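# Examining the three-dimensional arrangement
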Amino acid sequence: VNPTVLICCAWLVAFLELVAMVLILDGLLLMCEHRNGPWNGPHGPLPVTLAVLFLLFLVPLLYRYFSALLLMMDGLQMATVTNELTSMLFQKALRLPLGASYHGHGSEELTGWQVAMALMESIVQEGPLMIRNLALLTAAPFMVCVLLLLQVLHLRFFGLLGLILLLPGALIAGLLVKCAIASRTDYQRWHQERLRCQSEASKEMREQIMNARRSELVANQWYSVMMAMLAGTLHAVVWLVVVASLYLATRETQVSARNLWLMLQMMTSLQACVSLIFSGLRRAWHLPGALQRVECFLAQPEMPQDVVRRPLCGAATPARISGSFSFEEGGPTSLALELSLQRGECVAVMGAPGSGKSALLLALLGELFPCGLACVSSTSKRRFVKGSADAMDAMLLDEMLSDMELLLWDCGKATAQLAQLCASTRARSVALLVAIGSDAEVDGLDSFDRVLWLRQGKLLRQDEVEPVASQDPRPPLKLLGDALLALETPGSPQQKCQPEGPTSVEPLPPLWPLARAYLGTCGAGNVTMLLLLVLMQRSVQLLQFLFLATWADVVGNAQNVDHRSFAVSIVLTVAVNATLLTLSEWAGSRLSLMAGLHLQSRQLSGAWEVDGVISGWLGCARSVLGSFLQQVYILLIAPQWLAVTVLLPAYMCIAFFAWIYLKAAVLLALKGEESFREAQQILHESLEPDPVQVRANQLQRSVLQRFTLAMSQMTGCSLLLPACNKSWLSFRVTFCVAFAAAACALQVLLCDHQIGVGTLGLVISLLFALTTDVEVACESCVQGCRALG
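Residues numbered from 1 in each chain as written. Predicted model: local features only at pLDDT ≥ 70, side-chain atom pairs only at ≥ 80, totals over all residues. Heavy atoms only, no water.

## Here we look at unusual backbone geometry
Residue Leu129 is not a glycine yet carries a positive backbone phi of 65°. Inspection of the secondary structure puts Leu129 in the loop between helix H3 (112-126) and helix H4 (130-155). Assessed through its relative accessible area of 31%, Leu129 is described here as partly exposed. Unlike most non-glycine residues, Gln456 shows phi in positive territory, near 55°. (Helix = DSSP H or I, 4+ residues; strand = E, 2+ residues; numbered from the N terminus. Buried < 20%, exposed > 50% of the residue type's maximum accessible area, 1.4 Å probe, protein only.)

## Looking at the pattern of salt bridges
Per the stated rule, a full pass over the model turns up six salt bridges. Between Arg64 and Glu775 there is a salt bridge, and its shortest N-O distance comes to 3.4 Å. Placement of Arg64 in helix H2 (residues 46-94) and of Glu775 in helix H21 (residues 757-788) is noted, with a sequence separation of 711 residues between them. Relative accessible area serves as the criterion here: at 11%, Arg64 is assigned to the buried category. On the accessibility criterion, Glu775 (14% relative accessible area) is buried. (Salt bridge = Lys/Arg side-chain N within 4 Å of Asp/Glu carboxyl O.)

## Re the sheet that holds strand S7 (residues 369-378)
The strand order across the open sheet built from four strands is S3-S7-S4-S5, with neighbouring strands paired in mixed fashion. In the strand order of this sheet, the two ends are held by strand S3 (308-309) and strand S5 (335-341), each with one partner. Summarising the sheet, strand S4 (residues 319-326) and S7 pair through seven bridges and their orientation is antiparallel. Each bridged residue has a counterpart across the sheet, and for Ser326 the counterpart in S7 is Phe369. Docked against the sheet, helix H9 (residues 357-364) engages S3, S4, S5 and S7, running at close to 115° with respect to S4. (Pairing = 2+ DSSP bridges. Contact = heavy atoms within 4.5 Å. Axes fitted to C-alpha atoms, helices over the stretch in contact; angles between N-to-C directions.)

## Some thoughts on the pairing of strand S6 (residues 346-351)
Taking burial as the measure, the six residues of S6 include six buried ones, the bulk of the element. Side chains Cys346, Ala348 and Met350 project from S6 onto one buried face, and the interleaved Val347, Val349 and Gly351 project onto a second face that is buried too. With six bridges connecting them, S6 and strand S10 (residues 431-437) associate as parallel partners. Among the inter-strand pairings, Val349 is bridged to a residue of S10, identified as Ala435. Bridge count for S6 against strand S11 (residues 450-455) is four bridges, and the pairing is parallel. Its bridge partner being in S11, Met350 is matched across the sheet by Trp453.

## Section: the environment of Ser87
Residue position: Ser87 is located in helix H2. Sequence separation between Ser87 and Met711 is 624 residues, and the spatial gap between their C-alpha atoms is 8.6 Å. When near neighbours in sequence (up to four residues on either side) are disregarded, Ser87 contacts Leu704, Phe707 and Thr708.

## Remarks on the pairing of S5
Residue alternation in S5 divides its side chains into a buried set, Leu335, Leu337, Leu339 and Leu341, and an unburied set, Ala336, Glu338 and Ser340. Pairing of S4 with S5, which is carried by seven bridges, proceeds in the antiparallel orientation. Bridged to Ser324 within S5 is Ala336.

## Quick notes on the nonpolar core
Generally speaking, a soluble globular protein has its nonpolar side chains buried in company with each other. In terms of nonpolar packing, the biggest core is built from 119 residues, with Leu28, Val52, Leu56, Trp261, Trp551 and Ile764 touching the most fellow members. A total of 17 residues in this core trace back to one element, the largest contributor, which is helix H1 (residues 3-33). Once residues within four sequence positions are removed from consideration, Trp261 is found in contact with Leu25, Leu29, Phe545, Leu548, Ala549, Gly758, Gly761, Leu762 and Ser765. One finds Ala359, Leu362, Val376 and Ala435 within the second-largest nonpolar core, a separate group that totals 31 residues. (Core = buried A, V, L, I, M, F, W, Y, C linked by side-chain atoms within 4.5 Å.)

## Regarding helix H20 (residues 700-751)
Between its first and last C-alpha atoms H20 spans 73 Å; for 52 residues at 1.5 Å apiece the expected length is 76 Å, and the two agree. A maximum bend of about 40° is found in H20 at Gly716. (Expected span 1.5 Å × (residues − 1). Bend = angle between axes of the 7 residues up to and from the residue.)

## Points about the packing of aromatic side chains
Summed over the entire model, instances satisfying the criterion amount to nine aromatic pairs. Both rings, one in Phe57 and one in Phe735, keep their centres 5.3 Å apart while their planes meet at 70°; by these two values the pair is edge-to-face. Residue Phe57 is found in helix H2, and its partner Phe735 is found in helix H20; the two are separated by 678 residues along the sequence. The class of Phe57 is buried, set by a relative accessible area of 16%. Aromatic side chains Trp261 and Phe545 sit 6.3 Å apart centroid to centroid with 50° between the ring planes, which places their arrangement in the tilted category. In this pair, Trp261 is assigned in helix H8 (residues 257-298) and Phe545 in helix H15 (residues 524-557), connecting sequence segments 284 residues apart. Each member of the pair, Trp261 together with Phe545, is buried. An aromatic cluster of three or more residues is present, and its members are Trp239, Trp261 and Phe545. (Phe/Tyr/Trp six-rings, centres within 6.5 Å; stacked < 30°, edge-to-face > 60°.)

## Points about the side chain of Asp74
The topology assignment puts Asp74 in helix H2. Buried charge without a salt bridge: Asp74, with Arg283 as the nearest opposite-charge side chain at an N-O distance of 6.8 Å. Among the polar contacts made by the side chain of Asp74, one reaches the main-chain amide nitrogen of Ile131 at a distance of 3.0 Å. With near-sequence residues (within four places) excluded, Asp74 lies in contact with Pro128, Leu129, Met130, Ile131 and Arg132. (Lys, Arg positive; Asp, Glu negative; His and termini not counted. Polar contact = N/O pair within 3.5 Å; in protein donor to acceptor, adjacent residues only side chain to side chain.)

## A short note on the environment of Tyr661
Residue placement: Tyr661 occurs in helix H18 (residues 640-687). Placed 114 residues apart in sequence, Tyr661 and Glu775 show a C-alpha to C-alpha distance of 9.8 Å. Once residues lying within four places of it in the same chain are set aside, the contact partners of Tyr661 are Asn725, Lys726, Trp728, Leu729, Cys778 and Glu779.

Have a look at this one:
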């Protein structure tokens, strides 16, 4: 994506969203004030109709077009960046030396793949809308200056007097942000504590897990309440600034009716500018640190390079090692010996744990650092296998030995299958080196040509097999009797050998049983109280707009207006609205607390991570109920023919589009999470506990292709396709809303002269707010569905 095109598109979107709406309302309300003036000239209603269509239909669609373009460019660019960064991190993790560890939080030691996983999760979480917010950040300060200039032009310097109230509002908001950060930190701390206790699944840890879960939910409740108080404070500050500026202006000079409503629209745009600035600054603040962590990880030392030399073509010695080797460059010696393997030779390496068996195999693979003049030669036609040979069959062995010259096997114990392995390697002239623990059974060792005994990385003796006595004191007849008894009663030995531990955890139940578990724990009364609080809060918020619209209508129709009564009424409703907003969020977090404790007590481990269910559905309910009340008010004051032929069909189309968007968004979200889990699984399988098998068998390319494909699917389903899906919804909802708003404006300007300036401004603002409410409701619903899985 061309950066110049991206910046220009962001500036145009910011202007159309923040400034153009003020100019549109200014022109529309000016026409409403002069309905009998030059607007209805000799050409009839044509100029008015064309002006309304341009202001309320073409300009909003133009804004949505460029907004969708910016959103898709952000999705495309971030998908590319995410794929490239995650691929670089994965390739770097494949090149890390063995035993590399890094410091995490506190004294925690993290392996290379754990660090790579944490960095990838950070990139995936911070990726969406990153470029869009940074581009809008460049335009937001300029839009603030333009809006302040418009305030001065409409209300002179009185429009700036109310901005003094921003100082105490900013102080209160800062304190609330500080408390919210502290609560969020406590939540994350108790969340990590619960996961730690959960990993030690034992009966003694159940009480600690329950206490950690309770503390985690309480911290989450306080965080939700603090964020609700912050939202209520910011909303109240905007309205108090509007009321104070208007009241001071009306005391000193004559204020037109349209300026009363334009002041609110300008302050709302200013609040949106501040939100864009803070959002962009947060991304700009975290971005250098995130990139620095990635750069620091990419700069870590890698595995030794060019250690293994290739033997001459057709040489009888496919592997040779001589000298000392270390796991760290310049570190203590871990292996010191000389060994050569001939074609068709089978060698077993035995020793106690830590004697250097695995180090010998790793040195032949080039995983260790040579000390001094140490050297390693090994053929490129080799294979490294780690694990027991019990599950090996003939077909797998033939495939493994095809076109091979050297087979390195870290099997841990000797079994009868090793005889078949030795015979197959001799038949194909493949050199075989097997690492076996000294405390293992010695079955099959007579099939090897040599047996090497190691101690502390050095050769102790060769060609001597030390018999290991049976640890079972039972005589052979007793063993045979026990075996026959086990055949008669199958399953009993396994039942006796099962360790005592906590009972099995119940799987995650389906959606409806989970919903019944929530309702059964919280009670229908608590759910009803929550919905009533949300309904009351949105009703009071609508009442604020009605008071301001009535104030503007009265100013436009009367000379003597009691401005103080209107100002006091608006201030009281603002205070009640902020209180109800906090109470509704507290009720929702309390509901989440009760449900979470109930699910924890039932050990529904799959339902432990549903803390976002209540908050998601609460946000959805708040948007849906608010939009419903606002649109019902519009239907009540609109003419019947307009409501039946224009408004109701528009609402039905919007509901249909929202339903399609929800289905697609939930499917994309689940598919994206599934693809990301698949990428995590590939990362875990190839790097845990170490990437030796991938590097030794030269599987880097195939593993990287699988990982890149999974990440491409994830970024497509989480970044690019959601941007297209959201753009599809926004454009169609805006089309319906713009058509309805243009019809309402033409009805008021051409036919119905009873509707005042304030009421027209309220109707237009509520109609265009429907687009934002639909988007917020859909996003909250998707969040709740993702939390439920």
